[in-house]
Amino acid sequence: MENQLLYLASLSKIDQKLDELNDEYGDLPEKVKEQKAKVAELDNLVQETKQILEDVKNFISTSKVTLTELKDKEEKLSKQQFKVRNNKEFDAITKEIEHARFEYNRLTTELRTVNVKEENLLLTLEQQEKELNEAQAELDELLEEEKEISSNQNDELNELNKIKKAIKAKISKKNLEEYKRIRLLHKDAVVLIKKNSCSGCYSNVPPQKIVEIRNNLDHLFYCEHCGRILYPEEIKIDKKILTITTY
Ligand SMILES: [Zn+2]
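Residues numbered from 1 in each chain as written. Predicted model: local features only at pLDDT ≥ 70, side-chain atom pairs only at ≥ 80, totals over all residues.

### Section: the overall build of the chain
Rules: Secondary structure counts use DSSP, requiring at least four H or I residues in a row for a helix and at least two E residues in a row for a strand, with both numbered from the N terminus. Within these notes, the globule rule equals 2.2 Å times the number of residues to the 0.38 power, and the radius of gyration is based on C-alpha atoms. Neighbour density around each residue's C-beta defines its exposure: 20 or more other C-beta atoms within 10 Å make it buried, 12 or fewer make it exposed, and counts between make it partly exposed, where C-beta atoms are placed from the backbone.
Broken down by element type, the chain carries six helices and three strands. Taken over C-alpha atoms, the radius of gyration comes to 40 Å for the chain, far larger than the 18 Å a tight globule of 247 residues would show. Seen through its C-alpha atoms, the chain measures out along the principal axes to roughly 130 × 35 × 30 Å. Expressed as a percentage of its 247 residues, the buried residues of the chain come to 13%.

### Digging into the sheet that holds strand β2 (residues 197–198)
Our working rule: Paired strands, in this sense, are two strands between which DSSP finds at least two bridges.
Here we have three strands laid out as an open sheet, ordered β2-β1-β3, and mixed in their pairing. Both outer strands of the open sheet, β2 and β3 (229–231), are each paired with one neighbouring strand and no more. Bridge count for strand β1 (residues 190–194) against β2 is two bridges, and the pairing is antiparallel. Its bridge partner being in β2, K194 is matched across the sheet by S197.

### Digging into the packing of helix α1 (residues 4–23) against helix α3 (residues 87–168)
Note the cut-off: Every axis corresponds to a line fitted to the C-alpha atoms, with the helix fit spanning only the stretch in contact, and the corresponding angles, defined between N-to-C directions, vary from 0 to 180 degrees. Every angle not falling under 35 degrees, over 145, or within 65 to 115 is termed oblique; those three ranges are roughly parallel, roughly antiparallel and roughly perpendicular. By convention the crossing between two helices is left-handed if the near helix lies anticlockwise of the far one by an angle smaller than a right angle, and right-handed if it lies clockwise. Any two residues are considered in contact once their C-beta atoms, placed from the backbone, lie within 7 Å.
Here α1 crosses α3 at 155 degrees, and the two axes come no closer than 10 Å. Comparing the axis directions of α1 and α3 gives the class roughly antiparallel. Crossing handedness for the pair α1 and α3: left-handed. Residues Y7, S10, L11, I14, K17, L18 and L21 of α1 form the contact with α3, whose own contacting residues are Q153, E156, L157, L160, I163, K164, I167 and K168.

Shown next as structure tokens:
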């Protein structure tokens, strides 16, 4: 097995760089998610209002037809009234006429209310559509911002991910698991021993341990205080990462 510490330290550096790139998005992904939900909610409202409005319009047009029919019926009955043979027939037709008039008036009143409702719905729809358009415009802006960051980062990300893949291939499965476990706690999972101290938490590393680490570069040693993986100063990463990519 090759120098595991070098690869782990390199992986840690790259993951931190990837974290930094990810941080450039800031709270943008969260904002995009919220704005998408807002747009969907407003769109639902618009669809709902449109549906109600359609029902109202249908009601109005059928009612208009019914009103004409009632008027025709009343006229027809009025003419019939002149041709009756007895009082009984006359009374029956009068009753029918009254009923038609009653229905006509009832529907006319209802139609007035529904017309007002239609006007209100149209105003509501206009307002809702305005809000939806504004929310959509805001979402488009956020998406544009996100796209810009991503296109700026694209080359760098591709390069880093390529290097990361090459480095990961050099690390044993067991060590990789260890690294992942520590990274859940510390973003900088593998740190340099600087001036006999862990550069993650600055606690002292005993000199005999440093000697041991130097002599066992394939073995993992942890900071006794914070649990990060330690590596000695003779491992120079930045230069080595570039070497690894040329493998
Ligand atoms: Zn430490």
